[in-house]
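Results of the structural survey
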Amino acid sequence: MIPELFTIILYGTLVILFVSVNALFLVWMERRVSARIQLRRGPIHVGWQGLLQTVADAVKLISKELVLPSESDRFLYILAPMLVFAPLLAAFLILPLGPGMVMRDLNVGFLFAFALTNITFIGIFIAGWSSNSKYALLGAMRAVAQNISYEIPLLLSTMGVVLLAQSLKMSELVAAQNSVWFIFLQPVAFLIFLCSSLAEANRAPFDIPEAESELVAGFHTEYSGMRFALFFLGEYTAIFISSAIAATLFLGGWEGPFLPGAVWLLIKTYAIVLVVMWIRWTFPRLRSDQLMSFAWKVLIPFAIVNVFITAVVLELQKI
Amino acid sequence: MMENIVFFGVVALTLLGAFLAVSLRNVFYNALALVLCLFGVACLFIFLNSEFLAVMEVIVYIGAISIAIIFAIMLSTPMLQKTEAPQDRLKTLRSFVIAALLFGGLFKALQKTTWPAAGVDGDYSLHAIGRLLLTGQVLPFEAVSLVLLVAIMGALLLAEKK
């Protein structure tokens, strides 16, 4: 019992450490990528290539006052950032870093991570409701409406891969891509997955919930200091996790020559994150109705057709 | 030892959620307590070695049904409504009787069913459920999808009439 408790605490500490460093790195990367795309230079003065800029920002955020709106629902207001952030930590349980290097190789695999993101939606709702502000409430409703619509194509797009691998287990999904990556067999599914995970993370061009010009900042309008930072930590962790799942499902996960598996997974994951950032700074924001019709009229039909064709081809191969 | 502590913790959480869901006087809190209760049930499925059912419980009941309930509350009641509906004795009694009848019926059904003992290790619910839905249980499955189709069409009809 004691060693087990010890490993749980050790893993938990490692995950929290990684999440913090990852968020600091991704914020820096986002600023550098956006600067490059907009022909600016971005943060370059603090540390090598400005790497320590986000550390300075984090220290500033920690030292800021935690404002509590007077008319808010105190208990729920404090609970919401934790509910958004905590489930994402548990999603690290299923990420495979190498042969046998996964904390829990669950039978349900990546579905576990998607189930956990559902709990963060409740956190977003609570944040919007307890702030007692119109902007926060509207932002929360838009965010959740968007998230639950895009969850359908997200799950459907993974089904083609699952049919090919005959398993939901992360380790078996990696093993099935030994000869050829699933991105070549399931290119449509990969595109649908990428679009839907962008929308799930509320990233541009799907960032209606935090449209600055009309909603101030969306569901976290009333939050300040470290509570606000927790939402951002959550957003960047969500991007990392969905990119890591995409890397495992479509790009062969930890498999690669010479380097250890964890390094390959990180390389592939950050490559997808780079594409995600590239998309954010290249495309304009969609309108709310365009967003919904894109999910229901484009992504879902394509995802269903993709699953159907995959199943038919697999059956025909058996004959 | 540790398993037992966690198990009774989860049971206490589930019961607390269920109790709060019916006893709190603010409708938004009721919905959140329901989420807590459903999360407890999902944890209990993990104790039964059925990760798939646990994940589905979270995706379907928390991710879809509870969120639909919260949406309905947000759209229909003013923000942070402080007024609380007065307690109605007759309503309480009526719901108590119906709940007791439902519990009795379910309890009878539970006693009559013979449960196949789990002889295998690991989680086979995913394959077993998939196979059963398309073979032995195909009629209930199709009936449920028909009900859902009717519900979608009804919702469209209601939304169309302005």
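Residues numbered from 1 in each chain as written. Chains lettered and ligands numbered in written order. Predicted model: local features only at pLDDT ≥ 70, side-chain atom pairs only at ≥ 80, totals over all residues. Heavy atoms only, no water.

1. Let's talk about the overall build of chain B
Selection criterion: Helix and strand definitions follow DSSP, with helices as H or I runs of at least four residues and strands as E runs of at least two, each counted in order from the N terminus. Relative accessibility under 20% of the residue-type maximum defines a buried residue, over 50% an exposed one, and the middle range a partly exposed one, all with a 1.4 Å probe and only protein chains included. Only heavy atoms matter for contacts: two residues are in contact if any of them lie within 4.5 Å across the pair. In this description, accessible areas are obtained by the Shrake-Rupley approach with a 1.4 Å probe, and a residue is regarded as covered only by the protein chains that are shown.
Within chain B, the regular secondary structure consists of six helices and zero strands. Counting across all 162 residues of chain B, residues that qualify as buried make up 21%. Pairs at least 24 residues apart make up 62% of the contacts formed inside chain B by residues separated by at least 6 positions. For chain B, the exposed surface amounts to about 12100 Å²; the carbon and sulfur share of it is 74%.

2. A word on the domain arrangement of chain B
Heads up, the rule is: As annotated, the domain borders come from an automatic or database domain assignment.
Each domain of chain B was delimited in the assignment, giving domain 1 (1-84) and domain 2 (127-162). Between the C-alpha centres of domain 1 of chain B and domain 2 of chain B the distance comes to 24 Å.

3. Describing unusual backbone geometry
All names here are of chain A. At L39, a residue that is not glycine, the phi angle is positive and equals roughly 55°. Relative to the elements of secondary structure, L39 occurs in the loop between α1 (2-37) and α2 (53-62). Its relative accessible area of 79% is what places L39 among the exposed residues. Positive phi values are uncommon outside glycine, yet Q166 reaches one of about 60°. Along the polypeptide, Q166 turns up in the loop between α5 (134-165) and α6 (170-176).

4. Remarks on the domain arrangement of chain A
By a frequent convention, interface size equals the accessible area lost on bringing the separate parts together. Residues and elements named next belong to chain A. Short version of the rule: As used here, buried area is the combined drop in accessible area, with a 1.4 Å probe, of two parts when they are placed together. In what follows, salt bridge is the name for a side-chain nitrogen of Lys or Arg lying within 4 Å of a carboxyl oxygen of Asp or Glu. We call two N or O atoms a polar contact when they sit within 3.5 Å, provided that within protein one can donate a hydrogen and the other can accept it, with sequence-adjacent residues counted only if both atoms are side-chain atoms.
Its domain assignment divides chain A into domain 1 (1-63) and domain 2 (69-318). Taken over C-alpha atoms, the centre of domain 1 sits 20 Å from the centre of domain 2. Across the contact, 18 residues belong to domain 1 and 22 residues belong to domain 2. When domain 1 packs against domain 2, close to 1900 Å² is buried across both sides, 80% of that on carbon and sulfur atoms. Run the count over domain 1 and domain 2 and you get one salt bridge. The closest approach of N and O atoms between E30 and R280, which form a salt bridge, is 3.7 Å. At the junction of domain 1 and domain 2, the tally comes to three residue pairs in polar contact (both at pLDDT 80 or more). Mapped onto the side of domain 1 that touches domain 2, the elements with two or more residues apiece are α1 and α2. For the side of domain 1 that touches domain 2, the element with the highest residue contribution is α1, accounting for 15 residues.

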